[in-house]
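# Per-entry structural report
What follows is each chain in one-letter form.
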Amino acid sequence: MTGPTGSGKTTTLYSLLHRLKSEDINIVTVEDPIEYRLDGINQIQVNEKTGMAFASVLRSVLRQDPDVVLVGEIRDHETADIAFQAALTGHLVFSTLHTNDAVASVERLLDMGVERFKMGPALIGVCSQRLVRRICPDCREEIAGDGACVELFAKAGLPRRRFKGKGCENCAFTGLKGRIALCDLLDLSSPAARDMLSASAGSFNLREEALKRGWLMPMAQDALWHLSQGNVTFEEAAPPTSKPRRLRAKRPRGRARRPRRPRRAGCSSSTTIRTIAPWSGRRSQPRASIWPRPTAGPRPWSRSPGTSPTWSCSTS
């Protein structure tokens with residue numbers, strides 16, 4: 001299973017294990033962390049601080065003769081080599097990778113150091129998936145399709161139908177409820193596909209040959225099928241390309257100094273002050289102030305001994 005983070009890879013793998021689960025099949029998982037607890041399955045938590053890495057735990061698991069093994073993620077060459085060695089010895093191995101599509105996983109495994117003579121007979125399929133929102137089944141209705149959708153359905157040989165959610169209480173009047181996976185499936189179980197995978201062919205040649213022989217089901221084809229079945233909307237299956245964001249100019253580091261606040265003084269209104277412009281580092285032009293300059297002469301307030309203070313203002 002491949003796909004970005006949050007695309008439902010682990011949920012899909014657990015659904016496969018739940019279907020294979022029985023009393024006669026020994027299923028062991030090696031995960032970091034264990035996301036679901038399943039009855040009847042032996043689940044092991046990886047802890048690299050104590051020396052329980054994927055590679056060391058996988059070696060111990062293979063000594064217990066399991067029938068099905070789930071490796072949470074193939075991260076390095078050692079884990080990949082042990083997983084493919086287990087697949088060659090008759091074990092059914094499931095794992096995840098971080099690639100853009102199904103064909104790119106082959107190049108990813110080659111970059112990790114997996115030999116082609118091991119990959120050919122051991123790798124039987126790769127699935128890449130994305131999650132999109134599902135149309136609410138309670139308020140789904142058929143709508144008229146535009147020219148672009150009708151042309152796409154005609155090329156794929158699918159019914160020319162489009163659906164949309166009207167909106168109800170069950171979907172909070174959005175028309176969408178739940179999510180569904182759109183898959184990009186690469187089937188390598190045929191002898192011809194295994195021979196090509198073992199040969200020194202590039203990823204581009206493998207994609208062309210897989211499309212020609214029907215080994216690869218692109219994600220666009222799966223999206224069109226879900227569109228014709230009324231599971232997803234056209235906007236969800238093919239979202240429009242968003243416009244690039246404009247980058248804002250970065251502000252200079254450090255805090256700019258605020259202008260000094262003038263002090264309150266007498267009552268004279270004809271006065272000027274100078275303020276400091278923090279962005280230029282020099283004094284700006286004088287401007288009128290709302291606070292007056294203290295006038296000459298006696299203080300604006302006076303107090304005689306034994307009396308309460310009195311306030312006066314000079315008007316001259």
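As the structure is a prediction and not an experimental result, all values here were calculated from the model.

## Observations regarding the overall build of the protein chain
A count of helices and strands for the protein chain gives 10 helices and 15 strands. Residues classed as buried in the protein chain amount to 34% of the 316 residues present. Considering only contacts within the protein chain whose residues lie at least 6 apart along the sequence, 63% involve residues at least 24 apart. As displayed, the protein chain has an accessible area near 21300 Å², and 51% of this comes from carbon and sulfur atoms.

## Remarks on the environment of H226
Mapped onto the secondary structure, H226 falls in helix α9 (residues 219-229). A sequence separation of 11 residues divides H226 from A237, and the C-alpha atoms of the two residues are 8.6 Å apart.

## Looking at the confidence of the model for the protein chain
Taken over all residues, the pLDDT of the protein chain has a mean of 79, while the share at 70 or more is 74%. At the low end of the mean pLDDT range in the protein chain sits strand β10 (residues 272-273), at 45; at the high end sits strand β4 (residues 92-94), at 94. In this model residues 240-247 is a low-confidence stretch, pLDDT under 50, and it forms 0 contacts with partners more than four residues away in sequence or in other chains.

## Observations regarding the nonpolar core
F84, L109, M119, L123, L186 and L197 are the most contacted members of the largest nonpolar core, which has 34 residues in total. When contributions to this core are tallied by element, the ones reaching two or more residues are β1 (27-31), α2 (54-62), β3 (68-71), α3 (77-88), α4 (104-112), α5 (116-122), α7 (191-198) and α8 (203-213). At 5 residues, the largest contribution of residues to this core is made by α2. If we skip the residues at most four places from it in the chain, L109 touches F84, L97, V114, M119 and L123.

## Quick notes on the pattern of salt bridges
Applying the stated criterion across every chain yields a total of 10 salt bridges. Ionic pairing is found between E48 and R75, a salt bridge with its closest N-O pair at 3.9 Å. Of this pair, E48 sits in the loop between β2 (42-45) and α2 while R75 sits in the loop between β3 and α3; the two residues are 27 residues apart in sequence, bridging distant segments of the chain. One salt bridge connects R207 with D101, and the closest N-O pair in it is separated by 2.4 Å. Of the two residues, R207 sits in helix α8 while D101 sits in the loop between β4 and α4, which places them 106 residues apart along the sequence.

## A word on the sheet that holds strand β9 (residues 216-217)
What the 3 strands build is an open sheet, ordered β5-β8-β9; its pairing is antiparallel. Where the open sheet ends on each side, the last strands, each with one partner, are β5 (125-135) and β9. Inspection of the sheet shows strand β8 (residues 176-187) paired to β9 by 2 bridges, in the antiparallel sense. Residue pairing across strands places L185 opposite M217, the latter belonging to β9.

## A look at the side chain of R116
Within the fold, R116 resides in helix α5. The charged side chain of R116 is buried without a salt bridge, its nearest counter-charge being E107 at 4.6 Å. Only 2.9 Å separates the side chain of R116 from the backbone oxygen of A199, close enough to count as a polar contact.

## Regarding the environment of L185
Mapped onto the elements of the fold, L185 is located in strand β8. On the basis of relative accessibility, which here comes to 39%, the residue L185 falls in the partly exposed class. On a C-alpha basis, the gap between L185 and V126 in space is 6.0 Å, while along the polypeptide they are 59 residues apart. When near neighbours in sequence (up to four residues on either side) are disregarded, L185 contacts V126, C127, W215, L216 and M217.

## Comments concerning the state of the cysteines
One pass over the structure, following the stated rule, counts 0 disulfides. Free of any disulfide, C127 has its nearest neighbouring cysteine sulfur in C183, separated by 4.0 Å. A relative accessible area of 14% means that C127 is categorised as buried. With no disulfide of its own, C136 has C168 as its nearest cysteine by sulfur position, at a separation of 3.8 Å. When its relative accessible area of 0% is taken as the criterion, C136 is described as buried.

## Some remarks on the packing of helix α6 (residues 147-156) against α9
Where α6 meets α9, the axes come as close as 11 Å, and the angle between the chain directions of the two elements is 110°. The pairing of α6 with α9 is recorded here as roughly perpendicular in orientation. For α6 against α9, the interelement crossing comes out left-handed. Residues L152, F153 and A156 of α6 lie in contact with α9, whose contacting residues are L224, L227 and S228. Its residues assigned to classes, the contact of α6 with α9 comprises 5 nonpolar, 1 polar and no charged.

Conventions we followed
Residues numbered from 1 in each chain as written. Predicted model: local features only at pLDDT ≥ 70, side-chain atom pairs only at ≥ 80, totals over all residues. Heavy atoms only, no water. Helix = DSSP H or I, 4+ residues; strand = E, 2+ residues; numbered from the N terminus. Buried < 20%, exposed > 50% of the residue type's maximum accessible area, 1.4 Å probe, protein only. Contact = heavy atoms within 4.5 Å. Areas by Shrake-Rupley, 256 points an atom, 1.4 Å probe, with all protein chains shown as cover. pLDDT = per-residue confidence, 0-100. Core = buried A, V, L, I, M, F, W, Y, C linked by side-chain atoms within 4.5 Å. Salt bridge = Lys/Arg side-chain N within 4 Å of Asp/Glu carboxyl O. Pairing = 2+ DSSP bridges. Lys, Arg positive; Asp, Glu negative; His and termini not counted. Polar contact = N/O pair within 3.5 Å; in protein donor to acceptor, adjacent residues only side chain to side chain. Disulfide = S-S within 2.5 Å. Axes fitted to C-alpha atoms, helices over the stretch in contact; angles between N-to-C directions. Parallel < 35°, antiparallel > 145°, perpendicular 65-115°, else oblique. Left-handed = near helix turned anticlockwise from the far one by under 90°. Nonpolar A, V, L, I, M, F, W, Y, C, P; charged D, E, K, R; others polar.

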